[in-house]
Amino acid sequence: MDATVDGRVAPDDDPPAANVTVPARQTSPQHLPPWNLTDNASQPASAIQRKSRTSERSKERADAEQQDGGGHYADDGGDPKGKGASDKLVVHLIIGFRDICVFTLVLPLGTLFVCFVSAYVFQPEEIHETHCRVYNIIPSISAITGVSPQRYLWRVSIALHIGPRFIIAFVYRNWYRAMLAGLNDPARVAKACRMINIVYWLNLVEISALCGVTYISNKENYPLHEKVFIIFMTTSLSYMLATLKLLKILQPDGPQTPNEESSLRYKQAFFALSIASTVGLILFFLKHRFLCQDLAFSWFALCEYIVASANMGFHCTTMLDFPTEHFLIAKNAKQYKRQQASLGWKLD
């Protein structure tokens, strides 16, 4: 020990720490878990079950993704491509074509009944007035829909009626075109194509004339109303006749289904009724206009109601022509449109 200056003895320094190396514990193979050294056959039951469930869930997800993508069509021709959710067909609205036809029939027919009853009860003098001043008991359609407020109700109903009528006209044209595939004679095909165009344009003119007769009242402009009414009657009868002629060309062997047979039979009956009532309408109108006979205008009005009913009935045979079709508004339906365009169903 060394002495310090003041005579005190310094304590001994701490001895250096010994460097002791602890050997690492080695694990022999026999101490390892047995499932790390053996195959799956020697694994514990719980581990095998977990692995099996994971594999099954992965397989189920893969199958579900394949089913979701495989049932939809691609944009380049309609083949299954396994597209994602963005290419799925999303239906926003679907309405039965039969329901549309019922709507187009019930709406004007019900409105006409309401106009007739209300005008006959509350405005008899206005609706029975004629230029001959003769006795009259049945008002004409123009009379009951030309007074207020019935004219507004009638115009609203026709506005809602005309929209579906245009759609039905487009559908009929494409339906007739699709039926051309069953014809083998080129001359018959060319004739059918001409008749399809004639039927289509006659239908459009008839609908437009109906709109003109509705919105041009006989009390506001009788000469123009009369001319538009003549156009409506002419195109209506011509459309019926051309339709029957076209069906005879497209179906040389006759109707193939019960619905087609019933539709053709009703079309023929309504056309015959329209012809007969039109003849009576013209006859009684001339008697009223030039001879001023009593009740002549009433008979004219009765024939007019029959003509209107027969016209509605003829157009409502659409329910038999398209019994299972639907009006569809959907997203991602472009591929279906392309497929139908190749079959001649494109609305061009």
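Note that the structure is a prediction, hence the values are computed from the model and not measured.

Points about the packing of aromatic side chains
Point 1. As enumerated under the stated definition, the model contains 15 aromatic pairs in all.
Point 2. With a centroid separation of 6.0 Å and 90° between ring planes, the pair formed by Phe116 and Tyr305 is classed as edge-to-face. Here Phe116 is found in helix 2 (residues 97-122), whereas its partner Tyr305 is found in helix 9 (residues 296-315), with 189 residues between them in sequence.
Point 3. Among the aromatic residues, those joined into a cluster by ring pairs are Phe97, Tyr172, Trp175, Tyr176 and Phe322.
Point 4. The ring of Tyr200 carries Arg173 above its face, with NZ or CZ at 4.3 Å from the centroid.
Point 5. Directly above the aromatic system of Tyr266 lies the positively charged group of Arg265, at a separation of 5.9 Å from the ring centroid.

What about the confidence of the model for the chain?
Point 1. Considering every residue of the chain, the mean pLDDT works out to 79; 72% of them sit at 70 or more.
Point 2. Counted against residues more than four places away or in other chains, residues 67-83, with its pLDDT under 50, gives 28 contacts.
Point 3. Confidence drops under a pLDDT of 50 for residues 338-348, and excluding neighbours within four residues, the segment shows 19 contacts in the predicted structure.

What to know about the side chain of Thr145
Point 1. Of note, Thr145 is situated in the loop between helix 4 (141-144) and helix 5 (150-179).
Point 2. Side-chain polar atoms of Thr145 contact the backbone oxygen of Ile141, separated by 2.6 Å.
Point 3. Setting aside chain neighbours within four positions, we find Thr145 in contact with Leu112, Arg151 and Trp154.

Basis of the calculations
- Residues numbered from 1 in each chain as written.
- Predicted model: local features only at pLDDT ≥ 70, side-chain atom pairs only at ≥ 80, totals over all residues.
- Heavy atoms only, no water.
- Phe/Tyr/Trp six-rings, centres within 6.5 Å; stacked < 30°, edge-to-face > 60°.
- Helix = DSSP H or I, 4+ residues; strand = E, 2+ residues; numbered from the N terminus.
- Lys NZ or Arg CZ within 6 Å of the ring centre and 35° of its normal.
- pLDDT = per-residue confidence, 0-100.
- Contact = heavy atoms within 4.5 Å.
- Polar contact = N/O pair within 3.5 Å; in protein donor to acceptor, adjacent residues only side chain to side chain.

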